[in-house]
Every structure is written in structure tokens, then in C-alpha cells.
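Listed here are the chains, written in short residue letters.
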Amino acid sequence: MLKQTLQQKLLQKLSPQQIQFIKLLQVPTASLDARIKEELEENPALEDDSLANMHEPEEEYPDNDGDEADTTEEPSVEEEFSVEEYIQEEESPQEYSSNYSPDDEDDKKEIPVVLQYSFYERLLNQLDLTPMSETDYLIGNQIIGSLDDDGYLRRPLESIVDDLAFSKNMIVEEEQVESVLKKVQTFDPPGIGSRNLQECLLLQLAKKDQTNETVKQATLVVSKYLNEFTKKHYDKIEKQLGVDSEELKIIIDEILRLNPKPGDSGTTVAKQLHVIPDFHIRNNEGNLELTLNGRNAPELRVSKTYQDMFEHYEKAEKNDKKMKEAVQFVKQKLDSAKWFIDAIKQRQQTLLKTMNAIMEFQYSYFLSGDERDLKPMILKDIADKIDMDISTVSRVANSKYVQTEFGTFLLKSFFSEAIQTKSGEEVSNIEVKKILEECINNEDKTKPLADVKLTKILKEKGYHIARRTVAKYREALGIPVARLRKEL
């Protein structure tokens, strides 16, 4: 027997407008243009005022003395734009877009296209030029397709055998796959198709002059003492090879010239993020001036055509089903446009409010540019200052940049924890990291400073920090342990 009960729950639900605002808030300036363009394409009731003004036609005057009145009638809303036609256009695919022009084809022909081969295409081109049977060619194709972006083959050969059986209905042995892999490993760049770092380095050394004594010694180090080499136990290698530190340095340099990630070489282009600052801070004779990037304030407006259309349909008879659909369609587009414009404005206000609070909090730093002037600051400090939620401040800090007279920085980099000095003063851990970095940069690389020694130096400077905290800060700076910083 079913038992019915009543339960009262308190739930927090976000409205569509709030969700839209949250999504827009975390979009950086670099991506905002694309997001607005996407909204303009999806919603015909939303218009970009700046574009509308650019393309506004000049007013034409009739060639008469003014005696005859202009009898040209303005088109009605129905003649100017039909919602029913618009809906039909949306449903039926068009061969050309509405802004298509035959001239576009001519423009496209004039633009030179740069032919570039990808990493995998280069390998496949070399495979095409390698004499082999059809079966071996298919195996080679499968091997190349299994390579990681850095050029390594981390997939076991037995898995490639299985792949060929399932995808190509080919039954081959591991030995045959191994044989084809050896051919692929002769391709450029050297080291391609390696299954580990050792094999990668040995393949590259094998392509060098084998009569060269340094190459021979480097091959011996990689094949027998790679573990000691990676851990920089140079004294052990010197004993095993019977060489002094100067001779070992030449051998080590030969190995360091090799490429541990062959897939990253050649025509592979690293993707670089083009940073567009969201804010600008200018020092005007000791007074800081904050401005928001103009691209964050687009001139958007609700289409007057759609507003007039909605008023027209509101007054019309609503018994017709198509008319009801038309009214609903226009209203939904108008509401969506208003919400988007409001969300953009709210985004501008929140960005300025948050950045202004950060600037006031770190005023000394933005005047000097010295990281030692950064005060300890957490998200809650700014959230309390502007009376907003911590998550809102986090969304702004994690994706926005500010341009100053001494560089462009991610807002997140200004937030740090507090550390107490010997005198009881609270300082930012960024200040401690800066001092730690300077100590390591100025150390004797033949005798690098261990974490214990670095802890002692910081204590002498008045920063009482545990050794494990020093290790944590060093790792955060991307600096390896002392043994791995050692140089010959």
C-alpha cells in the first residue's frame, strides 16, 4: 500500500537571467565579441547600435521645389517584415546566406592560401614514399594514427594488433608490427615512434656520426646510466665512464641537445593565447585611474521593428493559431534581447566594482609595481568590500586581466595568503616567493641551496617559515630540488 506524505524543502534556483549573467561574467574580453556575435545571429530582435549607425543610408531629397507633396507611403509593419515568412525561412535551408554577394567569390580567390602539413600528414607522406607491402602499409598507417602529440607510441603493440583485427579485419603478428615500427622510427623528426624516453634519445643519437667519441659516450650514458643522468648523480657517471667533470660536461651537453618530445618539433605551431586586458590602470601623478576596456561595453539595443511588430500583433485578433504563434515568437525574442542587454550592463558594473575594490586594496602595489608592496588579500576580503558573493569575485579574478604601466596581469595573481614576520607584521606570501626566487637565481649552481638552507636564509630575513612550506613555495614557482638544479 502506497503511503503519501508531504515534505517541505528549501531550494535555491537560478532564473534564466541569472544563469545568463553568470555565464557572461566569466567570459573574458577576448571572447566577448564572439559571444555577442553569436547572440546577434540567433536573435533578430537584438541589434548592435554601432553597426546600425555605420550602415545607415544617407537621406535622399527629391528633385522638386517643394510644391508637390511626397506621396510615397511608408511600408506597414506586415509589409516590412513577416514573422511567418521568417519562421518558414528558418525551417527551410537556403543555398546562400542573405548577405551573399557574387563579389565574395572574387575576393576569396585573391586571398593566398598557405599550404601547411600537420605532424601526422608529414609522417603519412613519408610512409607513402617507403617501399613496403600493402599489409605493412596498413600497419604503418595504424601506428602513425596511434602516436601521441609528443611523437611517442604509448599504445602496446598487442593493442595495435587487436585494432587491426577489429577495424581492418587483418590478422597480423606482433613481430610484424614491430618490424614496421622500426621503419616508422627512421622517419623525420628523429625519435618519432619511441615507446619511452630512452628509446627516443637512442634513436636520435643513432642518426649522428658514430665515429665521434662524444656521441659514443653519450650513447653509453643513455643506454646504461639514464637513471643517474636524470637524477644528476654526475659523480657516479664520472666513475663508471672514467672521465673528469670537464669531459662529462661535453657528453651531457650532447645529450641535452636532443629533443625529448620529437612530436613538438617541425611544423607544429604552439598555440599562444593573445591576452586582451579587461581593465587599464593609469598612474596620473600619484592618482590611480581605472578604466574598463571599451570592448566590454557594446552598443546593443532592442530592434524597433520587432517592438512595433509586437504592438501590431497584440492589437490583432488572436483567434488564429498562427497569429498566436507569431505573437509568442516575437515576445520571446524581445524578452531574450532585453535580458541579454541587461546582463551585459550588469557585467560591466560588476567588473568595475570588483576591480575598483582590488585597486583600492592594493593601491601601493599599483603605484610602485613592486611585488613586495602586495598586501595579503583573499577572495573574501573583496567580496565583503563590495557586498557580493565569493563565487562572483572568483569568476572575475580567474579570467580577467588588468594592464598596468609595468605589465599585464591576471587578477588572480594579486590574491595571496598572509604570513607573519618576526616583528609580528603580516606580509603576502608572494613577497616570500619573490625573495625565495631571488635566492635561487643568485645561488652557486655547482652547489645549489637545499630547502633547509633556504629556510635558514628566510628566517634570517625575518620570515619564520617551516621547511615543508619553503618546499611548497619552491614547487609553486616551478623550481626543482637542489640536486636537479646542479650544474657542472
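Look up a bit, the structure's there.
Sequence positions are assigned chain by chain, starting from 1 and proceeding in written order. Local features in this predicted model are restricted to residues whose pLDDT is 70 or higher, and side-chain atom pairs enter the listing and the counts only when it is 80 or higher, whereas totals over whole chains, interfaces and linings include all residues. To get the side-chain values, take all heavy atoms of the structure and skip hydrogens and water.

Colleague: How should I be thinking about the packing of aromatic side chains in this particular structure?
Modeller: The geometry of an aromatic ring pair comes down to the distance between the two centres and the angle between the two planes. To pair, rings of Phe, Tyr and Trp, with the six-membered ring standing in for Trp, must have centres within 6.5 Å; the planes then decide the type, stacked if under 30 degrees apart, edge-to-face if over 60, and tilted in the middle. Tallying each qualifying case throughout the model produces 7 aromatic pairs. Connected via pairs of aromatic rings, a cluster forms that spans Tyr365, Phe366, Phe406, Phe409 and Phe414. Positioned above the aromatic ring of phenylalanine 361, the side-chain terminus of lysine 375 is 4.8 Å from the ring centre. A ring has a charge above it when a Lys NZ or an Arg CZ is no more than 6 Å from the ring centre and no more than 35 degrees off the ring normal.

Colleague: Sorry, what's going on with the nonpolar core here?
Modeller: A general trend in soluble globular proteins is that nonpolar side chains are found buried together. The biggest cluster of nonpolar side chains holds 48 residues, and the ones touching the most others in it are Met355, Ile358, Phe366, Ile382, Leu411 and Phe414. With 15 residues, the single largest contributor to this core is helix H17 (residues 321-361). When neighbours within four sequence positions are excluded, isoleucine 358 is seen to be in contact with Phe366, Met377, Ile382, Leu411, Phe414 and Phe415. Val161, Met170, Val180 and Leu181 belong to the second largest nonpolar core, which has 20 residues in total. Think of a nonpolar core as a cluster: buried Ala, Val, Leu, Ile, Met, Phe, Trp, Tyr and Cys residues, connected wherever their side-chain atoms sit within 4.5 Å. Type-normalised accessible area, obtained with a 1.4 Å probe on protein chains alone, sets the label of each residue: buried when under 20%, exposed when over 50%, and partly exposed for intermediate values. Put simply, DSSP marks the helices as runs of H or I at least four residues long and the strands as runs of E at least two long, and each gets a number from the N terminus on. Two residues form a contact once any of their heavy atoms are found within 4.5 Å.

Colleague: It is not clear to me how the pattern of salt bridges should be interpreted in this structure. Could you clarify?
Modeller: Side chains carrying opposite charge are able to pair once their charged atoms draw close together. The salt bridge criterion pairs a side-chain nitrogen of Lys or Arg with a carboxyl oxygen of Asp or Glu, the two atoms within 4 Å. According to the stated counting rule, one finds 18 salt bridges in the structure shown. As a salt-bridge pair, aspartate 148 and arginine 154 come within 2.7 Å of each other at their nearest N and O atoms. Using a relative accessible area of 29% as the deciding quantity, one classes aspartate 148 as partly exposed. For lysine 331, the salt bridge identified is with aspartate 335, shortest N-O distance 2.9 Å. Here the residue lysine 331 and the residue aspartate 335 both occupy positions in helix H17, the gap between them amounting to 4 residues, near one helical turn. Residue class for lysine 331 comes out partly exposed when judged on its relative accessible area of 40%. Via salt bridges that share partners, Glu178, Lys182, Arg195 and Glu199 belong to a single interconnected network.

Colleague: Is there a simple way to explain the sheet that holds strand E6 (residues 407-410) in this structure?
Modeller: Hydrogen bonding along the main chain pairs the strands of a sheet, whether they run parallel or antiparallel. For two strands to count as paired, DSSP must find a minimum of two bridges between them. Spatially, 4 strands are ordered E3-E2-E5-E6 in an open sheet, and the strand pairing comes out mixed. This sheet does not close on itself; its edge strands, each paired only once, are strand E3 (287-292) and E6. With direction set aside, neighbouring strand axes in the sheet form an average angle of 25°. Across 4 bridges, strand E5 (residues 401-404) lies against E6 in antiparallel orientation. Of the residues in E6, the one forming a bridge with threonine 404 is glycine 407. Contacting strand E2 (279-284), E3 and E5, H17 runs over the sheet at an angle of about 160° to E3. Comment: axis = line fitted to C-alpha atoms, over the contacting stretch for helices; angle = value between 0 and 180 degrees taken between N-to-C directions.

Colleague: Hey, could you run me through unusual backbone geometry in this one?
Modeller: Note on backbone geometry: most residues besides glycine have negative phi, and most peptide bonds are trans. The peptide bond linking aspartate 188 to proline 189 adopts the cis configuration, its omega dihedral lying at 0°. If you trace the backbone, proline 189 turns up in the loop between helix H10 (174-184) and helix H11 (197-206). With phi around 55°, aspartate 387 is a residue other than glycine that occupies positive phi space. When you line up the elements, aspartate 387 lands in the loop between helix H19 (379-386) and helix H20 (390-399).

Colleague: Please clarify how the side chain of lysine 333 should be interpreted in this entry.
Modeller: Along the chain, the position of lysine 333 falls in helix H17. Of the residues examined, lysine 333 reaches a relative accessible area of 15% and is grouped as buried. Not counting chain neighbours up to four residues away, the residues in contact with lysine 333 comprise Glu42, Asn43, Pro44, Ala45 and Tyr306.

Colleague: What should I look at first to understand the pairing of E3 in this one?
Modeller: As a general feature of sheets, a regular strand has side chains that alternate between the two faces. Where burial is concerned, the two faces of E3 differ: the one with Leu288, Leu290 and Leu292 is buried and the one with Asn287, Glu289 and Thr291 is not. Where E2 meets E3, 6 bridges bridge the pair, whose relative direction is antiparallel. Following the sheet pairing, asparagine 283 is matched in E3 by leucine 288.

Colleague: Would you mind showing me how to read a positive patch on the surface here?
Modeller: Note that patches include only residues with greater than 30% relative accessible area and no salt bridge, and the join distances are 9 Å for like charges and 5 Å for nonpolar side chains (Val, Leu, Ile, Met, Phe, Trp, Tyr). Using a 1.4 Å probe, accessible areas were evaluated by the Shrake-Rupley method; residue-level cover was limited to the displayed protein chains. Asp and Glu count as negative and Lys and Arg as positive, but His and the ends of the chain are not part of the count. A single reference atom marks each charge: NZ on Lys, CZ on Arg, CG on Asp, CD on Glu. The grouping of Lys231, Lys236, Lys239 and Arg483 at the surface amounts to a positive patch. When you line up the elements, lysine 239 lands in helix H14 (residues 234-241).

Colleague: What is the right way to read the environment of lysine 236 from this model?
Modeller: Within the secondary structure, lysine 236 sits in helix H14. Among the residues examined, lysine 236 registers a relative accessible area of 46% and is labelled partly exposed. Lysine 236 sits 11 residues away from tyrosine 225 along the chain, and the two C-alpha atoms are 9.0 Å apart.

Don't take any of this as a statement about function, it's just geometry.
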